[in-house]
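Here's the letter readout for the chains.
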Amino acid sequence: MIVPRLARGCQAVVRWWKSRRIIVRILIGLLLTVGVLGAAFWVWLTSDLPSIGALQAGLALPSIRIFDRHGTLLYEILPPEQGRNTPIALEDIPRQCVNAVIATEDANFYAHPGVDPIGIIRALWINILGGEVLAGGSTITQQVARLTLLNPRGLPERTFKRKLQEAVLALRLETAYSKDQVLEIYLNQSYFGSLAYGIEAAARTYFGKSAPELSVSECTLLAGLLQAPALYDPLVNPQAAAARQAVVARLMTENGYLTPVQAETILRDPLNYAAVPFPIEAPHFVMSVWAQLEQSYPDALYRDGLDVVTTLDLDWQHAAEQTTRSQLARLNDPENPDRPPADANNAALVALDPRTGEVLALLGSPDYFDKSISGAVNAALALRQPGSALKPFTYAAAFNPARPDAWSPATVVLDVATAFTTRKGELYTPANYGFAEHGPVSARVALASSLNIPAVMALQTVGVRTMVDLSARAGMTSLAGNTDLDLAVTLGGGEVRLLDLVSAYAVFPRGGTPVSPTLIQSVTVRGGQVLYQWQPPEAGVNLIDPRVAWLITDILADNDARSLGFGAQSLLNIGRPAASKTGTTTDFRDNWVVGYTPSLVVGVWVGNADNRPMVNATGITGAAPIWHHFMREVLNGVPEEPFGAPPADLLSIEVCTLSGLLPSPICPQTRREWFIPGTEPTSVDASWHLLEIDSRTRQLADASTPDDAVTTELFVVLPAEAERWARGAGLNLLPPEFAGAIESADNTKNLAALRVIAPNPGAVFQVSASMPRVNQRLRLEAAAPTDVALVRLLLNGEIVSEFDHGPFAVFWELEPGSYEIVAQAVGADGTITVSDPINFRVLDVGERP
C-alpha cells in the first residue's frame, strides 16, 4: 500500500512542477511583453524629445512680420535680444509678482518635482466651482518645457502625447535646473500680451516702468494675463482684466500671500496704463491683429516665421493720426477766442470698406505712447456710450414694413416736452440739445437733425428689445447682454465699441445685409505654406429690408433735413454724396460721428480715456471735424460715387409737410416723400383751415359783414400738447370759438381726443414750508374734441374746474397726498365721456417717494 501511495505522491509533485513551470513561463512572457511594450512606448514618447541642452536655443522667438495691404511693414516681432524681451534676474522681480504668478499658475511649485498631480486635481476643482478656466493644470516647469523645448521643435500641441512629453521634460528640467532658475526662465519668457514677452517687457508695455518698480496691484494684473493675454488685455477689455485681477488676489489670499484686507486694498488701487515707445506703425491695429493670430495660430506663433498681410492702408492710418492730433489741438487751444479749451484729449477712428468688411484704418488713440492721455488704451475697442449714433437703428425698426403700424419718413411726431414711462414704471422725460422744441416734425427731419424726443417716441413704438436685437444682429453685440436697457438706449444709454458701431452702419450702404469686420488678408509661413487666405464675404441674408436701408441712407444724406439741427453748412457735408450721423452724451463724456459713402464707412469718437467729461464738446464740434477732413483726404482723387437709385417699388408722393398726409388745396407747404407700399397716406390733411373773418370784430364773418371788412385767414389745428409750442412759434392757432365753423375730419378729431395731458402719469411733486403755498402750484390740463359743450377736471372725484371752451387748463395749489385726475366732457346732447385716469403724488420736502 505504501508503494502505490508514494507513486501517486510523486506523480502529483511532477504535475505541480510542470504546472508551475507553465505559470512561470507565462509570467516571464508577460514581463517580457510589458517590457517590450514599455520600451516601445518610451521610444515612441521620447524619440523626438529635444535635449535639455536645447533650452537656451528655445528662448528665441522666430520673426513674425505684419504688413499693411500694400506690403509696407507695420511691425516685426524679433528674437528677444532684438525685440521686446529683456530678461532680468529673479531677485530683481518684486516678490509679490512672483507670489502672484505662483498662486495663479502653480501653487505647489516649490513642493513638486516638476509634475503636480495634486495641482492638476486642484485646478480641475477650481475651474468646476468657478464655471470657467480660473487656474491651469500644467506646472510652471511644464509650461517652461512647452515654451522653450516643445514649441520650437514644432511638435504637435494639445495632444495626450504632448502632455506626457511635457511631464517628462519637466522632470528632466528639474534635475538640471534649480526651482528659482526654472521660475526665472518662466517669468522672462512667458507672453503677457500686446507683443510683450517676459515681465520686464510687460511692465514697460502696460505701465511704462521697469519690473522692479511694479506695485502689488500691477503685479496681480500682470499675473492674470498669463492664462489668456488676448482675453484679459487691459488696454482692450479693462473690465475683463479687472475681473481676472480679482481672481488673482483671491488665489493669493487663499495661499497666504495676502490678507483679505490687503487684497481689498489692492483691488481699489487705481491702475495707470502707459507704454514705452518702440518702433511700430498703427500699434493698436497691430495689437488687434496679434490677438487674432494668438487665438487662431497659437502653435505657429512660437514655432514658425510668419508673414501676415493685413487690410490696413498705412497712408490712411497716417491721415487718421494727423487729422486727429490737429483737431484735438484746436479743441484744446487756450488762445482760441471762439471757445474755451474743451479738455478733450483722446480720440479714435475706424475706416471700413462696407463691401468687404476690410478695416482700412484703426486708430485707438492719437498717441499710443502718451501716458498723460492713457494712449495705450484702445478706444476703438473700448465700450463707450454712443449718444444719438444709435438712432438710425431705431428708425430702421420703425420703418419695417412688416409692422402693422410701420412709420415712413413722412410720419409726423411731436417734438415737444413729453414724459415716457419706462418698463420699470419710472418717468423719463428726454430733452433735445439746448432744450429746444420744434413742434410737429417728420421722421425724416427728426432723424437727420437728431431730435431726441421723436427718437424716444419711435423706440416706444417698436419696443426696446426689437431695436436692441436689430442693433446686436448688425454687429453691436455688447447691447444684447445688457438687460437694464430702456428707452434711453436710443439716445446712447447702452455701451458699444467704435469698431462694432462702424461695421453695424455698413448694413445701410450694403442694402440691408450685415458684414463682419476683418483685419487680416493672409497668413503665410515663411517657407511658403499659406495658413489663411481671406475670401470676400458672400451676399448674406437681409437683416433690414433693402427699401428701409435705402430710406435711412436717403435721410442721413439729406442736408436740407438736417439743417434744422446742424445748419446748411455743417461739417457733415464733404463735397460729395455722404450719409452721416452724430452722437453726443448728455454730460459730454463721449461724442461721435459715423458716416459713409457707398464704399467707405468711417466712425470717429472723441473723449477722455478716464471718462472725464469734456467742456461743451458735441459730435458736430468734436468728432465731425476729424470725420470731415479724414473723408476728404482719403477720397481726394477718387471718383464721386452716388448712392444707388431708389428700389423700384418705392412710391414718391407729395404730402403736406405739417401732417405728412395728402395735401389739401390750402396746405401752405408740401414736399415729395418716399414710401414703401402700404405705408403711404390715404387721408387728406385737415390741419389747415381757411376762414373768412370780420376785420372789425375779429369774429367769423357773416351776412352782416360788409365786403370791405371781410378778410381771409389761414388757421392751424394742432394737438393740445403742441399748442403752447405753437403760440411761442407764432402760428395762427384756430380759436376755440371758431371750432364750429370747420368740418372736423377724423384726423382732426383724433388729435383732440379727450385725455389729461398734465401732469404726467406717475409724477411726484414736493411742497416746501419755506415758500408761500400760493407760489407752489401745478398746472392741470386736458385736451378735448372741439364739439363738446363743457369740460370738467376732477381730482379724486371732486370738480376742480369747468370750461366751456379751451384751453382746458387751471393752476391748482399743491397739497400733500395721492391723487387721481380725470377729464370729463359733456356733449351738446348731454352725453358724458370720461378720460383715462392719471395718478400723481405730492410730498412734503424730505418725505421719501
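These numbers were taken from a predicted model, which means no experiment stands behind them.

Quick notes on the rules
Residues numbered from 1 in each chain as written. Predicted model: local features only at pLDDT ≥ 70, side-chain atom pairs only at ≥ 80, totals over all residues. Heavy atoms only, no water. Helix = DSSP H or I, 4+ residues; strand = E, 2+ residues; numbered from the N terminus. Contact = heavy atoms within 4.5 Å. Areas by Shrake-Rupley, 256 points an atom, 1.4 Å probe, with all protein chains shown as cover. Pairing = 2+ DSSP bridges. Axes fitted to C-alpha atoms, helices over the stretch in contact; angles between N-to-C directions. Buried < 20%, exposed > 50% of the residue type's maximum accessible area, 1.4 Å probe, protein only. pLDDT = per-residue confidence, 0-100. Phe/Tyr/Trp six-rings, centres within 6.5 Å; stacked < 30°, edge-to-face > 60°. Lys NZ or Arg CZ within 6 Å of the ring centre and 35° of its normal. Parallel < 35°, antiparallel > 145°, perpendicular 65-115°, else oblique. Nonpolar A, V, L, I, M, F, W, Y, C, P; charged D, E, K, R; others polar. Disulfide = S-S within 2.5 Å. Core = buried A, V, L, I, M, F, W, Y, C linked by side-chain atoms within 4.5 Å. Salt bridge = Lys/Arg side-chain N within 4 Å of Asp/Glu carboxyl O.

1. A closer look at the overall build of the protein chain
Here is step 1 of the chain: Within the protein chain one finds 24 helices and 28 strands.
Here is step 2 of the chain: In the protein chain, 69% of the contacts between residues at least 6 apart in sequence involve partners at least 24 apart.
Here is step 3 of the chain: Counting every atom, the protein chain has about 37600 Å² of accessible surface; 55% of that belongs to carbon and sulfur.

2. Brief notes about the pairing of strand β28 (residues 838-844)
Here is step 1 of the chain: Direction of pairing for strand β21 (residues 764-767) relative to β28: parallel, over a ladder of four bridges. Looking at β28, one finds that Val-767 is bridged to Asp-844.
Here is step 2 of the chain: Pairing analysis gives five bridges linking strand β26 (residues 817-827) to β28, with the strands arranged antiparallel. Residue pairing in the sheet places Tyr-819 in a bridge with Phe-840 of β28.

3. As for the sheet that holds strand β2 (residues 73-77)
Here is step 1 of the chain: Judged by pairing direction, the sheet is mixed, and its five strands sit side by side in the order β2-β1-β3-β10-β11 without closing on themselves. Two strands lie at the open edges of the sheet, namely β2 and β11 (530-533), each paired on one side alone. Going from strand to strand, the sheet's axes swing by 10 degrees on average, the running direction of each strand aside.

4. Structural notes on unusual backbone geometry
Here is step 1 of the chain: Here Ala-758 and Pro-759 are connected by a cis peptide whose omega angle stands at 10 degrees.
Here is step 2 of the chain: Positive phi outside glycine occurs at Ser-374, with the angle close to 55 degrees.
Here is step 3 of the chain: Mapping Ser-374 onto the fold places it in the loop between β5 (359-363) and α15 (391-398).
Here is step 4 of the chain: For Ser-374, a relative accessible area of 22% puts it in the partly exposed group.
Here is step 5 of the chain: Here the phi dihedral of Ser-450 falls at roughly 55 degrees; this positive angle occurs in a residue that is not glycine.
Here is step 6 of the chain: Mapped onto the fold, Ser-450 is located in the loop between α16 (443-448) and α17 (452-462).

5. Some remarks on the side chain of Ser-471
Here is step 1 of the chain: When you line up the elements, Ser-471 lands in helix α18 (residues 464-474).
Here is step 2 of the chain: Setting aside residues up to four positions removed in sequence, Ser-471 forms contacts with Phe-393, Met-476 and Leu-479.

6. A few points about the confidence of the model for the protein chain
Here is step 1 of the chain: In the predicted model, the protein chain carries a mean pLDDT of 85, and the fraction of residues at 70 or more is 86%.
Here is step 2 of the chain: Below pLDDT 50 for its whole length, residues 152-156 participates in 13 contacts with residues either more than four positions away or in separate chains.
Here is step 3 of the chain: Between residues 744-751, whose pLDDT stays under 50, and residues either more than four places distant or in other chains, the model counts 14 contacts.

7. Here we look at the packing of aromatic side chains
Here is step 1 of the chain: Counting across every chain of the model gives 20 aromatic pairs.
Here is step 2 of the chain: A ring pair is formed by Phe-207 and Tyr-273, whose centres lie 5.6 Å apart and whose planes are at 20 degrees; its orientation type is stacked. Here the residue Phe-207 occupies a position in helix α8 (residues 199-207), and Tyr-273 occupies one in the loop between α11 (260-268) and α12 (283-296), the gap between them amounting to 66 residues.
Here is step 3 of the chain: Ring geometry for Trp-550 versus Trp-674: centroids 5.5 Å apart, planes at 85 degrees, classification edge-to-face. Residue Trp-550 is located in helix α20 (residues 546-556), and its partner Trp-674 is located in strand β16 (residues 670-675); the two are separated by 124 residues in the primary sequence.
Here is step 4 of the chain: The class for Trp-674 is partly exposed, based on a relative accessible area of 24%.
Here is step 5 of the chain: Each residue in the set Phe-393, Tyr-505, Phe-508, Tyr-596 and Phe-643 is aromatic and connected to the rest through ring pairs, giving one cluster.
Here is step 6 of the chain: The ring of Phe-109 carries Lys-179 above its face, with NZ or CZ at 4.6 Å from the centroid.

8. Some points on the side chain of Asp-353
Here is step 1 of the chain: Along the polypeptide, Asp-353 turns up in the loop between β4 (346-352) and β5.
Here is step 2 of the chain: Look past the residues within four positions of Asp-353 in its chain and what remains in contact with it is Glu-358, Leu-360 and Ser-599.

9. Comments concerning the packing of helix α3 (residues 95-105) against helix α7 (residues 179-189)
Here is step 1 of the chain: Between α3 and α7, the least distance of the axes is 12 Å, while the angle of their chain directions is 95 degrees. The angle between the axes of α3 and α7 places the two elements in the roughly perpendicular class. In contact with Val-98, Val-101, Ile-102 and Glu-105 of α3, α7 contributes Leu-183, Tyr-186 and Leu-187.
Here is step 2 of the chain: Split into classes, the residues belonging to the contact of α3 with α7 amount to six nonpolar, no polar and one charged.

10. Points about the state of the cysteines
Here is step 1 of the chain: Counted under the stated rule, the structure contains two disulfides.
Here is step 2 of the chain: Here Cys-97 pairs with Cys-219 through a disulfide, and the sulfurs are 1.9 Å apart. Looking down the S-S bond of the Cys-97 and Cys-219 bridge, the torsion is -75 degrees, so its handedness is left-handed. One end of the pair, Cys-97, is in helix α3; the other, Cys-219, is in helix α9 (residues 216-225), with 122 residues separating them in the sequence. Across this residue pair, the class does not change: Cys-97 and Cys-219 are buried.
Here is step 3 of the chain: Disulfide pairing is shown between Cys-656 and Cys-667; the S-S distance is 2.0 Å.

11. A closer look at the nonpolar core
Here is step 1 of the chain: By size, the foremost hydrophobic cluster in this structure holds 167 residues, and its most contacted members are Leu-222, Tyr-395, Tyr-505 and Phe-508.
Here is step 2 of the chain: Setting aside its immediate chain neighbours within four residues, Tyr-395 contacts Trp-407, Ala-443, Ala-446, Leu-447, Pro-454, Ala-455, Ala-458 and Ile-552.
Here is step 3 of the chain: Core analysis: the next-biggest nonpolar cluster, separate from the first, contains 32 residues, Leu-331, Ala-361, Val-602 and Ala-624 among them.

12. Structural notes on the pattern of salt bridges
Here is step 1 of the chain: The tally for this structure, following the rule as stated, stands at 26 salt bridges.
Here is step 2 of the chain: In this structure, Arg-671 engages Glu-673 in a salt bridge whose closest nitrogen and oxygen atoms are separated by 3.7 Å.
Here is step 3 of the chain: Residue class for Arg-671 comes out partly exposed when judged on its relative accessible area of 32%.
Here is step 4 of the chain: What makes Glu-673 buried here is its relative accessible area of 2%.

13. Digging into the packing of α9 against helix α10 (residues 238-254)
Here is step 1 of the chain: The contact between α9 and α10 brings their axes to 8 Å, and the two run at 105 degrees. Between α9 and α10, the crossing angle belongs to the class labelled roughly perpendicular. Two secondary-structure elements touch here, α9 through Ser-217, Thr-220, Leu-221, Ala-223 and Gly-224 and α10 through Ala-241, Arg-244, Gln-245, Val-248 and Met-252.

14. Quick look at α15
Here is step 1 of the chain: Counted residue by residue, α15 has eight buried out of eight residues, so it is predominantly covered.
Here is step 2 of the chain: For α15, the complete set of buried residues consists of Lys-391, Pro-392, Phe-393, Thr-394, Tyr-395, Ala-396, Ala-397 and Ala-398.
Here is step 3 of the chain: Those residues of α15 that are buried are in contact with α16, α17, α18, α19 (498-505), α20 and β12 (579-584).

15. Here we look at the sheet that holds strand β25 (residues 808-813)
Here is step 1 of the chain: Pairing within the open sheet is antiparallel, and its three strands lie in the order β20-β22-β25. Among the strands making up the open sheet, the edge pair consists of β20 (755-758) and β25. Put simply, the sheet's adjacent strands are angled 30 degrees from each other on average, direction ignored.
Here is step 2 of the chain: Sheet analysis places β20 next to strand β22 (residues 777-783), joined by three bridges and oriented antiparallel. Bridge pairing links Ala-758 to Glu-781 in β22.

16. Examining the environment of Leu-714
Here is step 1 of the chain: Relative to the helices and strands, Leu-714 resides in strand β19 (residues 710-716).
Here is step 2 of the chain: Spatially, the C-alpha atom of Leu-714 lies 8.9 Å from that of Leu-733, the residues being 19 residues apart in sequence.
Here is step 3 of the chain: The residues touching Leu-714, leaving out its near neighbours within four places in the chain, are Ile-666, Pro-668, Trp-688, His-689, Leu-690 and Asn-732.

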